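Each chain, written out:
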Amino acid sequence: MPAATLTEHVSDIVLERKTPLWWWVGFGFSASLLLVFVGALGWLFFRGVGVWGITWPVAWGFAIGNYVWWVGMASGGTIISALFFLTRSDWRSATNRIAESMTVFCVACAGIMPIIHLGRWWYAYWLFPYPNTMGTWPQFRSPLYWDFAAILVYVVASVLFWYVGLIPDMATLRDRDTNRWQQIFYGILALGWQGSSRHWREYRATYPILAALMAPLVCSVHSIVGLDFAGGLTPGWHETQFPPYFVFGAVLSGFAVVLMLVIPIRRAYGLQHVITERHLDILARLMLTTSLLITYAYGLEVFMPFYRGEAHELASVMSNLSGTYAPWYWAKIVLNTVIPQLLWFRWVRFSRPLLFIISAGVVIGMWIERYVIVVSSLHRNYAPSSWFVFTPTFWDWATLAGSMGLFLTGFFLLLRFIPMVSMFEMRELAARRKPEPAE
Amino acid sequence: MPEAHEFERWSDARAYDGTVTILQPQLHPLWDGWSAHELLAVLGGEPRPDGYAIIRDAWKHETEAFWIDAVREGVVRDSGAPPVEVSVMAGLAERLPPALPASDTLTALFRPDPWLRDGRYANNGWLQELPRPLTTLTWDNAALMAPATARRLGLASGQMVELETAVGKGRAPVWVMQGHAPDCVTLPFGFGRTVAGRIGKGVGFDAYRLRSTAGLWQMPGLQLRATGEHYALATTQHHQMIESDEVVRGDTLEEFRGNPQFAQKPEPAESLYPPYEYKRNAWAMAINLNSCIGCNACNTACQAENNIAIVGKEEVLRNRQMHWIRIDTWYAGEADAPEETFFQPMTCIHCEHAPCEVVCPVEATVHDTDGLNVMVYNRCVGTRFCSNNCPYKVRRFNYFNYAKDDPRLSLSWNPDVSVRARGVMEKCTYCVQRIRNARIEADRDQRPIRDGDIRTACQQACPTEAIVFGDLNDPDSAVNRRKASPLDYGVLTELNTRPRTTYQARLRNPNPEIGEA
């Protein structure tokens, strides 16, 4: 697609007065889920964290699983935007705006979870190292503190990176717009971008630095999330492979959710020539690769306890394979390991419905994986007199569904008001590939 | 109406053998109390009763000398009843109920509930929530039966059954209890009160309906019928079979003689960090598994001393009970017929290398210079990682505002201990308030704290003195004497926690002529 037409096409989607019906339906559904979230949080704050199913000894439940799930999905966006920018992968430009926007809202949902799961969430700011009258600092040896620092950095960096990548497109919208209020709105967001060579020179210096900061964040943030568990001595958590294990899982779920978003968006906005089948093929291959990586990690998780022979680790593994949570465990194996193997076949990769279903399965499977990790290792631990099965309550599910509402609402808003393809990057790409005929 | 104290009133009494004694007042009633005799006299129509006159009048059939002797000596000699010759009536054996019930029938056994007794304490929230010994049931009674009986009848724990004896009917949930005698069903009474106060009303089922004087303690011919309904029974321990000798250790005396170190396991390697020196006191505790009878007095004492709230049945069903000390009941052997029952009190072990301290992000749990692992309630934000990281699972979390919802009189809380808010973690503190009090007094008198000055609440209440608390730095302390025993072991020491509370392993001495009992 010629560059000028692409710009017109994408910016017109945003600037058009009439919002398509499917957007209203989707937004309405998301907003109602968001209301569920607000209600669930309100009841949680009023009554206490006991409205969830968490108990003794399973003191962590859905909230931590949700947190890891959301932050894992956020990583997919970061990898596509930042890592594949550094590797100069051209295909990235078509999907990176969707991916980054997804990251921003995934990380918002992720950041909320560890705060609301606190018994006294109104003191969450105590995890921040600030000088105070009590003379107290956070306890720096705690993996939860590292987690707090990592998420803070990740949130700030993701938003910055997304926003900086958005500025030239905001300027395009400002320039193309005819409505005064929209001009002002996009004008403010464009921060005075004029597209001069000076601006572009500074941009070319800034953006790669941000990308170079963000790309390692994928590894470090998820390794720290893994250390949240590996730093404890619970059998089933205390595994040295958890940092890379969580990174693999995060990236897998990230690619899956990008696919789940890209496939309907390209259809809804008619972007089939921008986000081509080749893009989907690449994303599918990436998903397959990470699925193989996580399969390796799952295999090690089962192999190492047998290799070492330590009684409690063995008990933990056997509990996963054949205990109370075995159906969940095997569901995760099927969804994350077995079904993605279909992606070896070309016809599967090029079939959009199948790709969507496989991705949805992976997203669900990754949630199940986090749930099993959190709950299964805690319910059978070193003290047999405390063994107890965790059962979620209605509010657990409501909070999970509600967080999806938060994500979807934000994403729908972005769909409407922000161009979903990075127009300036696509223009660059087109100019590099096929020099345009002189007008 | 205030009752006069024993020292304030005239009365009389008989000892168990009939010996008469006259009770004399030492002082006039301080608060205008009345004795029971005076009250009865008023109810009988006497407007101004005189306690002395009533008692003197009751003994007017005796001589004046008798009276003077009685009030001077206190007891009247030789007023006891003479012994009576008795012999077993003929044909008694045939009149007694059979020693064992006929197979395929059920015998109902009536027993008082261990805490509520005949039901008088049904309105006591502490006792309702205190786990019963062996079953660890709370807030309910159940029809207890053996696993074999349950299998025969096709029943499982929690299923409602209809019970019928010769005198009445009732409904009760079943509880399968390891080690229970086969073909009998224990029905604890004391529950099912309809008028008992806010807490006790409507809790459990009423076993008195099934009971009569014909069979006060056992009644053969119990009819039992499954209803298919389910009833949730709240217990605090869901896994009771011993699978390894990690947590509880015990053996026979003979084995011990052959291998005195049977309770010892290899210690983990020394740490790379230099050990911390506890220069002043080093508080520790020793719990003797040979003495613990599982009575749970320590549990209630701790609840009283440390302002531990009750949480109610719904929360116990979610396993959120707040007891800082728990008595774990362990069965060794087969579930159908366990060979041995162990009781193990478990509190915070106050590990020297506490896993909970490392993972708290706000440093709400720290170690003090006496070796205590202390919990700073007002710093806790409630991440609950410490609970996850405690291998002994001794930490309790306030999932709701249990203290505020606890229906206690506000003046009944112990003022020496703070009451925890919602969202805060708590655990055993080795009764740190008692340690502080003892230290203040010792400093004031300028002497070290003596062994025995500090008794933790659990130690104080324990009837068998299974729990001993003291100073490791004092070579003569009772706790050091206990820990010197070869039976002394720590739980889960391979995790390098360096526990301060250790246990003395259980020794059995079965009579070889009786066989494995």
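Residues numbered from 1 in each chain as written. Chains lettered and ligands numbered in written order. Predicted model: local features only at pLDDT ≥ 70, side-chain atom pairs only at ≥ 80, totals over all residues. Heavy atoms only, no water.

(A) Region of interest: the overall build of chain B. In terms of helices and strands, chain B carries 15 helices and 23 strands. With respect to the principal axes defined by its C-alpha atoms, chain B has extents near 85 × 70 × 50 Å. Split into buried and exposed, the 517 residues of chain B put 51% on the buried side. A sequence separation of at least 24 residues applies to 70% of the contacts in chain B between residues at least 6 apart. Within the structure as shown, chain B displays about 25,700 Å² of accessible surface, and the carbon and sulfur contribution to it stands at 54%. Computed over 55 positive and 66 negative side-chain charges, the inter-centroid distance for chain B is 6 Å. (Helix = DSSP H or I, 4+ residues; strand = E, 2+ residues; numbered from the N terminus. Buried < 20%, exposed > 50% of the residue type's maximum accessible area, 1.4 Å probe, protein only. Contact = heavy atoms within 4.5 Å. Areas by Shrake-Rupley, 256 points an atom, 1.4 Å probe, with all protein chains shown as cover. Lys, Arg positive; Asp, Glu negative; His and termini not counted. Charge placed at Lys NZ, Arg CZ, Asp CG, Glu CD.)

(B) Expanded view of the side chain of Glu305(B). All names here are of chain B. Following the sequence through the fold, Glu305 ends up in helix H8 (residues 297-305). Since its relative accessible area comes to 12%, Glu305 is described here as buried. Among the polar contacts made by the side chain of Glu305, one reaches the side chain of Arg434 at a distance of 2.8 Å. (Polar contact = N/O pair within 3.5 Å; in protein donor to acceptor, adjacent residues only side chain to side chain.)

(C) Structural view of the interface of chain A and chain B. Taken together, the 54 residues of chain A in the interface contact 50 residues of chain B. Around 4,200 Å² of area is buried between chain A and chain B when both sides are counted, 55% of it from carbon and sulfur atoms. Considering only the surface of chain A that becomes buried against chain B, Trp56(A), Arg120(A) and Ser385(A) emerge as the three largest contributors, covering 18% of it. For the pair chain A and chain B, the number of links is 0 salt bridges. Remark: the boundary between chain A and chain B carries 31 residue pairs in polar contact (both at pLDDT 80 or more). Among the elements that make up the side of chain A that touches chain B, the one with the highest residue count is helix H2 (residues 21-47) of chain A (4 residues). Class assignment of the residues belonging to the side of chain A that touches chain B gives a composition of 31 nonpolar, 18 polar and 5 charged. (Buried area = accessible area lost by both parts, 1.4 Å probe. Salt bridge = Lys/Arg side-chain N within 4 Å of Asp/Glu carboxyl O. Nonpolar A, V, L, I, M, F, W, Y, C, P; charged D, E, K, R; others polar.)

(D) Representation of the packing of helix H7 (residues 197-230) of chain A against helix H8 (residues 242-268) of chain A. Residue and element names in this part refer to chain A. Packing of H7 against H8 leaves a shortest axis separation of 7 Å and a crossing angle of 125°. Relative to H8, the element H7 lies oblique. Crossing geometry of H7 relative to H8 is assigned as right-handed. Residues Val218, Cys219, His222, Ser223, Val225, Gly226, Leu227, Phe229 and Ala230 of H7 touch H8, and the partners they reach there are Phe242, Pro243, Phe246, Val247, Ala250 and Val251. Per-class residue counts for the contact of H7 with H8 are 12 nonpolar, 3 polar and no charged. (Axes fitted to C-alpha atoms, helices over the stretch in contact; angles between N-to-C directions. Parallel < 35°, antiparallel > 145°, perpendicular 65-115°, else oblique. Left-handed = near helix turned anticlockwise from the far one by under 90°.)

(E) Here's a closer look at the environment of His199(A). Residue and element names in this part refer to chain A. On the secondary structure map, His199 appears in helix H7. Distance from His199 to Pro168, taken between C-alpha atoms, is 9.7 Å for residues 31 residues apart in sequence. Residues contacting His199, with those up to four places away along its chain left out, are Gly192, Trp193 and Gln194. In terms of polar contacts, His199 uses its side chain to reach the backbone amide nitrogen of Gln194, at 3.0 Å.

(F) Examining the pattern of salt bridges more closely. Residue and element names in this part refer to chain B. Following the criterion strictly, the structure yields 38 salt bridges over all chains and no others. Between Lys313 and Asp140 there is a salt bridge, and its shortest N-O distance comes to 2.6 Å. In this pair, Lys313 sits in helix H9 (residues 313-317) while Asp140 sits in the loop between strand S4 (137-138) and strand S5 (143-145), placing the two residues 173 residues apart along the sequence. Take Lys313 and Asp140: they sit in the same class, and that class is buried. The partner of Arg447 in a salt bridge is Asp453, with the nearest N and O atoms 3.2 Å apart.

(G) Region of the structure containing the state of the cysteines. All names here are of chain A. Here the structure, examined in full by the defined rule, presents 0 disulfides over all chains. Counting only cysteine sulfurs, Cys109 is the nearest neighbor of Cys106, a cysteine outside any disulfide, at a range of 6.6 Å. You can call Cys106 buried: its relative accessible area is 0%. There is no disulfide at Cys219, and the cysteine sulfur nearest it, in Cys106, is 18 Å away. (Disulfide = S-S within 2.5 Å.)

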